[in-house]
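# Examination of the molecular architecture
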Amino acid sequence: MNKDKIFKLAKGFRGRAKNCIRIARERVEKALQYSYRDRRTKKRDMRSLWIERINAGSRLHGVNYNNFIHGLMKENIQLNRKVLSELSMHEPYTFKALVDISQNAFPGNKKAVLPPRKEGISVVL
């Protein structure tokens, strides 16, 4: 890269990294390495964020993430995780319908019936 291009890319760096060509070249090369690496990690981070949102939305209706996705696969509903996370946040009734479909498709999704809680004064011996 020529000097002008390096200084243009080094604009905004601190200290001599913005106006000394040798240091600027090193800093620009390292910055380009970071940007290359982080374009890939961004995809990973977004996918895990979508999974967390889907898991939170499905647990509100008594189904965990794995069983929810498995039920959708059995019903051949092919929505990706990005769309499912958007539905869980912005369209709760639509997401509830998907959870119901998933529960009917996979018997492991049935809600467990818990015994009623005993309320009142507890006796201490």
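Quick caveat, the model's predicted, so the values are computed rather than measured. (Residues numbered from 1 in each chain as written. Predicted model: local features only at pLDDT ≥ 70, side-chain atom pairs only at ≥ 80, totals over all residues. Heavy atoms only, no water.)

## Remarks on the pattern of salt bridges
According to the stated counting rule, one finds 2 salt bridges in the structure shown. Aspartate 38 is the partner of arginine 37 in a salt bridge, and the nearest nitrogen-oxygen pair spans 3.0 Å. For arginine 37, a relative accessible area of 46% corresponds to the partly exposed category. Taking relative accessible area as the criterion, aspartate 38 reaches 35% and is therefore assigned partly exposed. Lysine 96 serves as the salt-bridge partner of aspartate 100, at 2.8 Å between the closest nitrogen and oxygen. Here aspartate 100 pairs with lysine 96, and both are found in helix α5 (residues 92-105), just 4 residues apart, close to one helical turn. (Salt bridge = Lys/Arg side-chain N within 4 Å of Asp/Glu carboxyl O. Buried < 20%, exposed > 50% of the residue type's maximum accessible area, 1.4 Å probe, protein only. Helix = DSSP H or I, 4+ residues; strand = E, 2+ residues; numbered from the N terminus.)

## A short note on the packing of aromatic side chains
One pass over the full model with this rule turns up 1 aromatic pair. A ring pair is formed by phenylalanine 68 and phenylalanine 95, whose centres lie 5.2 Å apart and whose planes are at 50 degrees; its orientation type is tilted. Within this pair, whereas phenylalanine 68 is found in helix α3 (residues 65-74), its partner phenylalanine 95 is found in helix α5, the two being separated by 27 residues in sequence. The exposure class of phenylalanine 68 is buried, given its relative accessible area of 0%. Among the residues examined, phenylalanine 95 registers a relative accessible area of 2% and is labelled buried. Lying over the aromatic face of tyrosine 36, arginine 40 brings its terminal NZ or CZ to 4.0 Å of the ring centre. (Phe/Tyr/Trp six-rings, centres within 6.5 Å; stacked < 30°, edge-to-face > 60°. Lys NZ or Arg CZ within 6 Å of the ring centre and 35° of its normal.)

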